[in-house]
Structures are given as C-alpha cells and as structure tokens.
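Inside the fold
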Amino acid sequence: RRKQEKSSGINAEWPLRPGTTFAIVFVLRELFRSMPTVSELRLKFLTLRHYLHQQLLVFLARPDAPQILKVVGGVAVVIAVFIVWNLSSAIAAVISYHRDPISYLREFYNPDTPRYVDTSAFRTPEHKIMDFDAYKNELFKLNQYNTYLSDKTPINRKTKDPRSEGCRMRARSLTPDDKLAPTSIIIIMHNEELSALLRTLISILNNTPMNSLKEIILVDDKSNRFELGSQLDKELRQFPFVRLIRNSKREGLIRSRIIGAKAAVGKILIFLDSHVEALEGWYQPIVSRIMEDPKTVVCPIIVSIDHTTMEVHANGGTSVWGGFDWDMKFTWEPLPPRENQRRGFDDAAPIRSPTMAGGLFGMDKDYFFELGAYDPGMKIWGGENMEMSFRIWMCGGAIEINTCSFVGHIFRKPGMKQSTPVEETALQQNVKRVVEVWLDDYKEAFYNAAPSHRNVAEGDTVSRTLLRQRLKCRSFSWFLREVYPDKPRPGRDFIAYGQVRGPGDQCMDSMGIDPGRRVGVYACHGKGYAQFWKFHLNGVLMNGDHCLDGDGTNPRNVVMFECHGLGGNQQWFLTEDGRIQHAGSGKCLTHDGRFLMLLDCDDDERFVWKFNGMSEELLEKFYVIYSKQFGYFTKKQKEENKKKAVVSTQSGHYGRGQRLR
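The following refers to the structure shown.

Thresholds applied
Residues numbered from 1 in each chain as written. Predicted model: local features only at pLDDT ≥ 70, side-chain atom pairs only at ≥ 80, totals over all residues. Heavy atoms only, no water. Core = buried A, V, L, I, M, F, W, Y, C linked by side-chain atoms within 4.5 Å. Buried < 20%, exposed > 50% of the residue type's maximum accessible area, 1.4 Å probe, protein only. Contact = heavy atoms within 4.5 Å. Helix = DSSP H or I, 4+ residues; strand = E, 2+ residues; numbered from the N terminus. Disulfide = S-S within 2.5 Å. Pairing = 2+ DSSP bridges.

**Comments concerning the nonpolar core**
Ranked by size, the top nonpolar core spans 75 residues in total, and within it Phe324, Trp326, Phe361, Phe368, Phe390, Phe476 and Phe479 carry the most contacts. Those residues within four positions of Phe324 in sequence are excluded, and the remaining contacts are Lys329, Phe330, Thr331, Glu333, Thr355, Met386, Phe390, Phe476, Phe479, Leu480, Tyr484 and Lys487. With 40 residues, the next largest nonpolar core counts Phe239, Ile270, Ala278 and Ile290 among its residues.

As structure tokens, then:
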C-alpha cells in the first residue's frame, strides 16, 4: 500500500493505528500456537464423520423424515436459484460493461437513481469527534464552499435544461453528433473535493455525445489529500475515457494546461475547471462553431452553483460579456447597445466578447499551439486569461460566448482564502508580462492603477515579443478602437484614476465590493483591485463596477452601491486642491482612520486626496460642466470671469455715454 501511494505521489498514512496492528498480530500468533497437528486433525475429522453418520441414520428412521426433507430441499432450491440469479446478473453486468462501457455507465449513473460518494474513509479522526456545526465549518474552510452539502448531493444529479426556445431551435441545425470533430476535454485539479470532481466527470458523461468525445485528460497538480490517491484511482477505473496524469511536482494551472494540451489526441480542446457541471446541450454548440471557424475561441455561459446551497442557478449570463479594468482585473460588464444591435437582438446569437474569464473555453488544437499556447514564463495562475484574450483578438482570432451552451461553476466564497506570498508574487509577475508585451502606449494607465508593479521583475519576455512579431499582431490601440470601443479609458472618460491617497498616508479601499457596505481606508499597497478608483467625467467615483454613494440613512457614512447613473448620492466634485465634495450634502470626504465619512468642508489637510493619474484637459472640461452646480470656480475661471466682468462693465458704461473710472 505504501509503495503504491508513493508511486502515485500521495503522502498517505497506514490506515490502521499502531495499537490495532499489534492486536491483530498478537491474535494471529496465538491462533498458530494453538493449531493441532495433522494426525490430530485427521482423527477429529474421522470422529466427526462417524457422529454425523449416526445422526443421519437416527433422522431417517423418523416417520416425518420425508416431509422434512421436502421442505429442506425446497428451501435449498430457492437459495440456489437466488445465488445463480445474482451471479448471472453480476456476470451480465460485467459482460455489458466490457461490450459498451459508456452505455453501461450512463445507465448506472442515470439521474433517476441518486448516487453518492462515501466520505467516511477519508475524514480524519479529528473530524469524527467534532461538534456537527464545527465539522461543517471545517469542511467549508477546506474548499471555500459547502463541502458537507456537496458530499450529500448526488454525484449524478439531474439539472434543469437552461436553454431558451431559440437555442433549442438552433440545436436542430448544428452539426450531427456523429460528425462532430474528436475532442479532448482537459481538467486541472489540485486538492479538489472528490464529490465535486466526480460530479464534473459524470455531468460530462451524461450530457456529451460519446462518439465525439475522444478523452477527458485529468491533470493532478501534485494533490496531497488521501482521497485523491488510491481512492481516486479506484473511482476512475470505471471511466475508460478518463486519462489521469499526475505531475511529479507542483506546476500550477498554466503549465498544467500546457501539459494536458500536449498529451491530448483530439482535434479540439475544451478546458474546464474541476468543480463544474456540464448542463444539457452544452457540448454541441462549442464544437460546431469551432469546426466552422477554427480561429474562433468559444466560451460557454457560466452559471453559478451556489457555494452555500449547491443549487444550480441556470439562468442569466446572456446579457453580459467579458471586460477588464486597468489594473488587469477581469470584469463582467453589461452588453453595450451596439453589440445587441449586431446580434439582431437575438438572445440565442453568440456574443463577441473582448475578453474571457479563462476557466472554461474551447479551441482548435492546431490553432492553440500556432497562437503560442500559454505563456510558459507565467507561474501558477493569474493573468493568463488577459494575455490570451489580447493575443487572440490582436493576432487575427475572435472570442465568442455561445449563449446556447451552459456550464455550472462553483464560485468559492470570496475572502475566505488569502493568497500565499508565492502566489501573490506569481500573479504580479504574470500581469506585468501581459502589460509589457501587449499594452503598448497604455502601459502607464496600468502602472497608475497598480503602481506597485513598476518594481516587479517580469522575467524574460523576448520570446513572447518575437511571437507577436511573427504572428503580425495589431496594436493595443486597434484592439480598443475596433473590439472594445466602449471601454472607458484615461484622458477620454475619467479625469482622475488609480490609487487615492488620503490623510495619514492611508488609501481609499472598497474593502471588498459588497453593496451597502461602508468604504474604508487601508495601508496603500499599490496592487489596484480594492484600491483602484476612477473619477469619471460625469462625476461618479467608481471601484470595479460599483459607485461610491453617500449613505441616505446616515449622512456621515459612505458606502458602495451599484451605479444607477442618476447623480444624487453618487455625484461628487473634485476641487483643484484635491477635496472631494458630495453633491447631495455639500460635505467633504475624509476618514476616521478606519472608514470614510462626510464632514463640513474647511481648509484642513484632512480633506485632501491625491490620485495617481490625472488628466488636466478633462479636469478643465469637468469644471466647465459642474462649477456652477457646486458654486466652485478654479483660479483660471475666476480670472476669466473677472475679465468678462470688466469687459461687460466697459461696454455697459460706454453704452450709457458715461465716463469710465
């Protein structure tokens, strides 16, 4: 057992405690000590045979012996039939599995008969003595979702078909299942919960045409949980289409995907996460579209599997596309009117998305490697979706979200797991590689959004720069102009942006975007995200896709809310000397060392804030629009008004024929 576990790369413990092992050895030793010799055994056997012979003669001499023999014989026949029946069923099942394992597995994992994972074998003794609530909380922390409920949820559960009527009509015109290109599905896992992983595999089994699916490549990135060793091997033996690759060392998501792609034999690659559920009809739209145009990368609609209830929310997602913020954070954004118009206002038509989330997508294998696969200089995870999105569009490809393909995804509870220093460093290096290779003249916009990245070493990017030249890729300005013209950008849409440093050298921090939550201050870290703010020309101050809002219930508090575009409590004014004034109350923004608050404005330094990036040209335009509303005029405006007043006075006096003083 130990040798088997070590060869699998799993640090498993001996399943029995030392005391139990000693007891078994002791009992076996005593049994062998008390065993009789061969001669003694022969004598005992002859004595027993003689005794049974005498008893049989006595029984046959009884008058009711024939009736008893009939009853016993009948019972024996029933037992024999039962044994033969069960043996034949088992033999038939084995023959059926070997003749057509896919059909057998589909029948076995039919959602009409719920099946579960037995977790008792891989819960530690500490778990078993815990209070029930503490046990559930411990499991929740383990994966950042309700692991206890995941184990209690059938691994072959039935889910609702999320497709619209328009999608069902389109499905009739797709490439027939028997003519779909052979496909390899690649799944990377590291310490994934076994029930979630098996639910992923079985949902693919139940909702994918197997005459097209060539294989599922499961890459284990050096997991160290017991159940992902021999237990997983045992579970996967019944899935003939699953190939398990175990990394000898931790490679990270990006490099593990390259390993999986190189091992794949299918013409099309589909990348999935290890905690998803493929829903009905998910596969055909992706593969059919890639067969039509190999340079189109196709993403499914990602629907949420609730991390608390494990319920699949199979609705929504058809009216958003992928975007990004200037700190290189991926965002979901509402579809602009021009894209709806291009789609003919058809909810079943694909969306041409500027970026992709990166976890779930399909791509032609030859095109994947022709385009440069993933950047091998990137480590662990993070930034690879931005890099691939820019590279696809700028180098002649396209990204589509197919609104008729749905895959459920467990979104882990945010804020429960902090990145390790190694992961954080890897993320910063990855993002800087993206910026240095692909952003051209817009690098400064990123560095103002995330100033700490200026000092990060991105490593050698020569090979990726040469790749860009070889592929004859277009500029980032072309990408913004042709693919993403709706993207707000510095100097055009927001007058100030980046880190906002305030009194006491503290920075404005959204503290995690949660509608209604108070906004605070935190030590400036320069990484963007919760400290990346944008002051738009229309007077709203945004972090992510939410707006800074004066709390209507408490006039001193400042909170985050969804942007409504109506001004009011979300309207702010930025003065020349850095004060941020609230339109609704006329008060100015400051902080108490923990949270932002609104107080009566004065000349104190506690009201002064400084943005990393500023557009003087847009600031002047902003003052022209809003100065009268706020009763505030810049020095330049005051001088101009003074000159106008003088000219007006002169013209007025001359008109009345009076002498000017």
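**Quick notes on unusual backbone geometry**
In this structure, Met328 takes a positive phi of about 65° despite not being glycine. Taking relative accessible area as the criterion, Met328 reaches 5% and is therefore assigned buried. Of note in the backbone geometry, Phe345 takes a positive phi value of approximately 55° without being a glycine. The topology assignment puts Phe345 in the loop between helix H14 (337–342) and strand E10 (351–352). Residue classification places Phe345 among the exposed residues on the basis of a relative accessible area of 64%.

**A short note on the state of the cysteines**
According to the stated counting rule, one finds five disulfides in the structure shown. Here Cys167 engages in a disulfide with Cys404; their sulfurs sit 2.1 Å apart. The S-S bond linking Cys167 to Cys404 shows a torsion near -80°; that makes this disulfide left-handed. Of this pair, Cys167 sits in helix H9 (residues 165–171) while Cys404 sits in strand E12 (residues 398–410), placing them 237 residues apart in sequence.

**A few points about the pairing of strand E22 (residues 588–591)**
Of the two faces of E22, the one holding Cys588 and Thr590 and the one holding Leu589 and His591 are both buried throughout. Linking two consecutive strands that pair antiparallel, namely E22 and strand E23 (residues 596–599), is a turn of four residues; a positive phi of about 95° is found at Gly593 within it.

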